[in-house]
Amino acid sequence: MAASLDLQTLEQYCETLYNPPNPSGRIQAESLLNYHFPTFSNINGSTVSGTGSDSVQGHNPNITSPIESALLCRNLLENSTNPYALMFATSRLRSLVDDQFTSFSTAEQHGLRTFVLQYLYEHPDLQPFIISSQAQLFAIITKLGWTENQEFRTLLDQIQVFFQQGVGHRTLGVRLLTAVATEMNLPGTKNVVKHRKAAVGFRDAQLLPIFQAALGMLQSVLQSQQSDPQTEKLKEALLLLMKASLAFDFIGSSYEESSEDQGSLQVPTTWRPVFEESGYLEILWECWKAFSSPTSVLVMECLSQSASIRRSLFSGDDSRHVYIYRFMQEIMLTLTTAAGQNKLRDSGNFHEFCRMLSRFKMTYQLSEVCSYKDIKQWLSAVGEFTAQGFLSWKWSPNSVPYLLTFWNKTVGSLSSVTHEIELHIEAITVNLTVAYLKSCLECVHAVMDGEADDPLESEEALLVSLDMFANIARTKHTESGRLLVNEFNNLSIKYRELIQTATSMGGASSVGSTDIKESLLVVELKLTWLMYQSTSEQDQMDGEFACEILGFIHQLQVWTAQRPLYFASPDAHLHIQSAIIYFYQQFRATYIGEESSKAVKVYTQLSSRWGLNTPNQVLNVIMDSALNNLRSNGDPAWRNQEDLLVLRTLGLFTNLASGYSSVKYIRKLDTTRALLKNHSAPDFKFLDPTRKSSDTAVARCRTIYYTMLSRILFAEDNIDAEFWRFIKPWEATLDRVALAFVGGGDLGEEDIRLILLGMFKDLRGFVTSITNRRQYNLFYEWFYPAYTHLVLRAIEIWPQNEIGIPILRFWLEFVTNKSSRVTFDSSSPNGILLFRETSHLLTAYGSNLLSRPITDESMRWSEKYKGIMLYFNILSASLSGKYTNFGVFKLYGDKALDRVLDIFFQLMLAIPVDDMTAFPKLGTAFFNVIDVFAADHMTGMLSMPQSVLEYIFRAVGESVPLLGHDSSCSTMACSAIDKICSFVLNWLIKNKTRTSESADIADEMLETDEIEDPVRVARNRLLSTGSINGAAAAAAASAATGARGSVDLTGGATSLLSKQQQQQQDGAYWLVEYVLRNKDVMTYLLVVLFNVVVFENRNNHWALSRPLLGLILLNRDFFTEYTNTFVQAQLPDRQEPLQKLVSGLMEGIETNLTTANRDRFTTNANAFRRECSQMTLMPVSPDDSGIMA
């Protein structure tokens, strides 16, 4: 066993790992097992499954390679029977194989795979979780070695030995095949191209034989009619294998799991005999009839997949029609026979049957389905089944969307069928409309009785189903719409009667009033459901329905204003107002805007009944009605519902104000003009800063509100007078705060804090919608300098309070130059003044951040890092805004920029690099500001602390290899590296060219083949002089050349030594010195980028390749040495072709960074990466090459 540990001790530690008595015991066990069973992984962190890295304590020195660790795991498997030890050994082998597979020789790979197969064959009675883990290990080995191990490609032949034994071994063999099929279908994370190549090879060579073998075994099991537990397990395993085979990603489209019901299965043409000649459907349908649940549910899942086989698979129309008709025949038998209906009484079978119907209709055209001889009876049977399914929603609610999908797809293709069939389908849709409406109204009673969850609570999911139902109802909208209007009218009449009864009873609580309250609630919720159906796009019917809804809305407003609060329900209020908002949104989308002139019938009816003749009048009604949702009744019990309603209402307003024409309409409305004059009404409780919400979306309501108002205010051009009128309430409030800051007024500290908390949220929203220079200057002239001092004062008093973040967010929006809105006259100092105010703010807040301790590590984001992120973002926006000439500060000795950068450096160093990459928002802000800083400001500094430079390079080096959905961090990091390398290389060449004694001599040098590497010359001179500063630094740095074959940069160094003026001109010589002296930093970045380009499939390859050229040109000798090491580390048969690829990477590349040279290198790098992805290569890490610890 491993070193000094005996078997019993190992088993004890394994048991402690998976079943620890306490956390410290688990940590100790994990550390010891990592020591004795190392993974040699570079990934930080470890997990229970053993897939993490080795402990920080290192590993057993007697174990020098992954294969030795794998042999120890194998030894543990062979000698132990403890399930925890077996699970650990299997998991650790999976980790070794997944991370270190390329370090195993072909013989070792084959030996490990053979061992796993033999081990499972000899131990078929292991616990299920161990068998699953072993099967996954076998699958991973098979996948990783598929392209290079011929024996791996005879998978089915190797599993045959299991099929020749009893039921237990056959089940185990089937599970192994299922694991391989599943693993092959998973997308690769390290080498996507190679993994896809293995998947394609498996698909072409083994998947069809595996599927046919599973189908044959399933037929045998069906004929045997056995039902013992072992046979049931075999049935389940076979069906899971068939399901995994059919779900295989045949064309590399990588469908998301959430969209598995979309599209058809792209089965290869080689599978055609299975679906045309083998009796495949007959076997599955017979299995479904014979097997009991839950096995029959798996059969129906396979049938559901089979219903979506691509149409083009079949050899002709006749064979496809035979396949379709077979499906339709079995569906008909199922729906019309007692046996089929009994099977559908199982909820699992019912759900999968509905899903099968949906996928069947999505794949095959209605014209093909309608060529079935008994199509009318078939459609009627499915229609009756659908109506029953709608009414049985409590039993299987998740099945209803599948039934809606079937009929939604059906009615969408009516133009392709005969008129007779079209009329028949239209008649069915009327019955479906009745059934669905009935189910919706019955839902109200079920929810009231607590028998079901309320679908109205999830409006987003509800609207998907309602949109499909609307399409079905429109098919025969004259009848369906009349049903809807009549039902709504009857409920409205009943609602008026109940209101009259409730009014006569008063507000007292009694038995009678309780009954009335419940009845009112039921009717309100039923009307809510009907309003959600108002999407017909049939003008005549829409006009009638809109009139009814507007009448109900008016009635509801009157009743809401006078009803006793006892009769109200906050949930019902939220649901019914949300439905009204939905109605407004649909009406606006259809009948307000450029197409409104076509809706003559709608406005004719609205005019005759409500006097609404134009879209503007309807918009005024919408705005006036929806504004009531922003007001609060003051009852704390209604708070959550009111907050959500405010959020949805603001969504409506934002939608109305988003269109160019609609915002022009809204701008002219009387309601809107009144709102702009009185935008801070006291009954708008969401504007109260003391009203907090745990929902972040609700917390942003006032910002959203003023974003919308700002967009409406600036919809016209000449708005100076209205702007000054709009900000009058803000002026009054801020003047009171300013007076309080100097000791006057009646505001206390808490009052000031709450006022400013809300004010900066409002101002942020207002500035967000400013889009041009004129609008921005209006706001700037008002805010600066009258109130900017309040910002600084507030941040000085409450830096750690919740007010600090809103201030920074407002200021970030204020200084961001989007759409070039921050543009001042050439004679204006406003850009400089704006940055000086930014400097004061950032200096005050940054100083506090530096002195602010983190009291709880789990809260470091909210306590500190969020503020630092905003600091970075503000600095980045200011530096890249192009409205400030930063040279002015240095010219006149102003320290505004220096102070900000100094605190920026200190904040940077205060954050561990691991945290910088662990918090995505913080990392994005950091690398964004680093990219901006490196582009325009880094090279203009006279010096930088070495610790800052080291941190930047380390953070950049650690961010590039990180995998994630967002590649912006690595893109910006690469951009920063590229800018630094470009500056250094161009500086060397430019300075040599400038100091050359003769251009002709330089040309001769360019043509000389035996010129020593100028970068190496410069570095040697720097190192030989020891510590470099002043003139010596400039002399040694400028003695460097750009690359081999370039201008010799060693000449003219003597003259530079004596020119102090030259040092000032070349103020960034310190950066050149740092790059040339710190070889390990640049070579580390070179290795990191090289490995990412070779081994990873990224969506930002262009960004990754750009800095690589500069790094190579600055480190020619190292690049040659490293690539030689990289080639030698590969297996012998791969070294020669890889060497040719490496040589081709620099083919035609010159020693400069011109656009043409860069593009040529990018082309070479893409070709290099593409060819490397076809090979199994082993990376050489920076640690392995001895470059950087």
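Residues numbered from 1 in each chain as written. Predicted model: local features only at pLDDT ≥ 70, side-chain atom pairs only at ≥ 80, totals over all residues. Heavy atoms only, no water.

Naming follows an unreviewed UniProt entry, where the protein chain appears as Exportin 7 of Linnemannia gamsii. Looking at the Sequence similarities (unreviewed entry) heading of the UniProt record, one finds this comment for the protein chain: "Belongs to the exportin family." (UniProt positions renumbered as here; feature names shortened; annotations may be inferred.)

A. Geometry of the overall build of the protein chain. Within the protein chain one finds 57 helices and zero strands. Put simply, the protein chain has 1189 residues, and 54% of those count as buried. The contacts in the protein chain between residues at least 6 apart in sequence include a share of 77% that link residues at least 24 apart. For the protein chain, the accessible surface area stands at approximately 50300 Å², while carbon and sulfur atoms represent 50% of it. (Helix = DSSP H or I, 4+ residues; strand = E, 2+ residues; numbered from the N terminus. Buried < 20%, exposed > 50% of the residue type's maximum accessible area, 1.4 Å probe, protein only. Contact = heavy atoms within 4.5 Å. Areas by Shrake-Rupley, 256 points an atom, 1.4 Å probe, with all protein chains shown as cover.)

B. How the structure looks around the pattern of salt bridges. Here the structure, examined in full by the defined rule, presents 38 salt bridges. The shortest N-O distance in the salt bridge between Arg355 and Glu352 comes to 3.6 Å. In this pair, Arg355 and Glu352 both sit in helix α16 (residues 347-363), three residues apart, roughly one turn of the helix. Neither Arg355 nor Glu352 differs from the other in exposure class; each is buried. One salt-bridge network, in which partners are shared between bridges, spans Glu282, Glu286, Lys289, Arg326 and Glu330. (Salt bridge = Lys/Arg side-chain N within 4 Å of Asp/Glu carboxyl O.)

C. Representation of unusual backbone geometry in the model. Here the residue pair Ser293 and Pro294 is connected by a cis peptide bond, since its omega of 10° sits within 30 degrees of zero. Here Pro294 is to be found in the loop between α12 (280-290) and α13 (295-306). Each neighbour pair has its own omega, and for Tyr784 with Pro785 the value is 0°, a cis peptide bond. By the secondary structure assignment, Pro785 is in the loop between α36 (773-783) and α37 (788-797). One non-glycine residue with positive phi stands out, namely Ser820, at about 55°. Secondary-structure assignment places Ser820 in the loop between α38 (804-815) and α39 (830-851).

D. Fine view of the environment of Ile67. Summarising the element assignment, Ile67 is placed in helix α3 (residues 66-79). Residues Ile67 and Phe104, 37 residues apart in the sequence, show an inter-C-alpha distance of 6.7 Å. Sequence-distant contacts of Ile67, that is, excluding residues within four places in its chain, are made with Phe104 and Glu108.

E. Highlighting helix α5 (residues 106-122). A rise of 1.5 Å per residue sets the reference length of α5, with its 17 residues, at 24 Å; its end C-alpha atoms lie 24 Å apart and thus fit the reference within 8%. Regarding α5, the residues found buried are Gln109, Leu112, Arg113, Phe115, Val116, Leu117, Tyr119 and Leu120. (Expected span 1.5 Å × (residues − 1).)

F. Representation of helix α26 (residues 600-610). For α26, the complete set of buried residues consists of Val602, Tyr603, Gln605 and Leu606. All buried residues of α26 fall inside an arc of 160° around its axis, so they share one side. The exposed set on the far side of α26, more than 90 degrees from its buried face, consists of Val600 and Ser608. Positioned one or two residues after α26, Gly611 has a phi angle of 70°, which is positive. (Arc of directions from axis to C-beta.)

G. The side chain of Thr884, seen in detail. Relative to the assigned elements, Thr884 resides in the loop between α40 (860-879) and α41 (887-891). The buried category is assigned to Thr884, whose relative accessible area is 11%. A polar contact of 2.9 Å, which involves the side chain of Thr884, links it to the backbone oxygen of Gly831. Setting aside residues no more than four positions away along its own chain, Thr884 makes contact with Gly831, Ile832, Phe835 and Phe889. (Polar contact = N/O pair within 3.5 Å; in protein donor to acceptor, adjacent residues only side chain to side chain.)

H. Layout of the packing of aromatic side chains. Scanning the model with the defined rule gives 89 aromatic pairs in all. Aromatic side chains Phe115 and Tyr119 sit 5.8 Å apart centroid to centroid with 40° between the ring planes, which places their arrangement in the tilted category. Within this pair, Phe115 and its partner Tyr119 are both found in helix α5, separated by four residues, close to a single helical turn. Taking 6.1 Å as the distance between ring centres and 55° as the angle between the ring planes, the aromatic pair formed by Trp378 and Phe406 counts as tilted. Of this pair, Trp378 sits in helix α18 (residues 375-391) while Phe406 sits in helix α19 (residues 400-411), placing them 28 residues apart in sequence. Positioned above the aromatic ring of Trp288, the side-chain terminus of Lys343 is 5.5 Å from the ring centre. (Phe/Tyr/Trp six-rings, centres within 6.5 Å; stacked < 30°, edge-to-face > 60°. Lys NZ or Arg CZ within 6 Å of the ring centre and 35° of its normal.)

I. View of the packing of helix α30 (residues 670-677) against helix α32 (residues 701-713). Running from N to C, α30 and α32 point in directions that differ by 115°, and their axes come no closer than 11 Å. The hand of the α30/α32 crossing is left-handed. Along its contact with α30, which presents Thr672, Leu675 and Leu676, the element α32 presents Tyr705, Leu709, Ile712 and Leu713. For the contact of α30 with α32, the residue count by class is six nonpolar, one polar and no charged. (Axes fitted to C-alpha atoms, helices over the stretch in contact; angles between N-to-C directions. Left-handed = near helix turned anticlockwise from the far one by under 90°. Nonpolar A, V, L, I, M, F, W, Y, C, P; charged D, E, K, R; others polar.)

J. The arrangement of the packing of α19 against helix α21 (residues 459-474) in detail. Contact geometry of α19 with α21 gives a least axis separation of 9 Å together with a crossing angle of 40°. Considering the angle they form, α19 stands oblique to α21. The chirality of how α19 crosses α21 is left-handed. Here Pro401, Leu404, Thr405, Trp407, Asn408 and Val411 of α19 come into contact with α21, specifically with Ser465, Met468, Phe469, Asn471 and Ile472. A breakdown of the residues in the contact of α19 with α21 according to their chemical character gives seven nonpolar, four polar and no charged. (Parallel < 35°, antiparallel > 145°, perpendicular 65-115°, else oblique.)

K. Quick look at the environment of Gln946. Checked against the element boundaries, Gln946 lands in helix α45 (residues 946-959). Exposure remark for Gln946: the relative accessible area of 45% places this residue in the partly exposed category. Separated by 128 residues in sequence, Gln946 and Tyr1074 place their C-alpha atoms 8.3 Å apart. Non-local contacts of Gln946, meaning those with residues more than four positions away in its chain, are made with Tyr1074 and Asn1078.

L. Up close: the confidence of the model for the protein chain. For the protein chain, the average pLDDT comes to 84, and 87% of its residues sit at 70 or higher. Below a pLDDT of 50 lies the segment residues 43-57, which in the model reaches 39 contacts outside its immediate sequence neighbourhood of four places, other chains included. In this model residues 255-260 is a low-confidence stretch, pLDDT under 50, and it forms two contacts with partners more than four residues away in sequence or in other chains. (pLDDT = per-residue confidence, 0-100.)

M. Structural context of a positive patch on the surface. A cluster of like positive charges, contributed by Lys668, Arg673, Lys677 and Arg725, occupies part of the molecular surface. Considering the arrangement of structural elements, one finds Arg673 in helix α30. Classification of Arg673 by relative accessible area gives partly exposed; the value is 31%. (Patch = residues over 30% accessible without salt bridge, like charges linked within 9 Å, V, L, I, M, F, W, Y side chains within 5 Å. Lys, Arg positive; Asp, Glu negative; His and termini not counted. Charge placed at Lys NZ, Arg CZ, Asp CG, Glu CD.)

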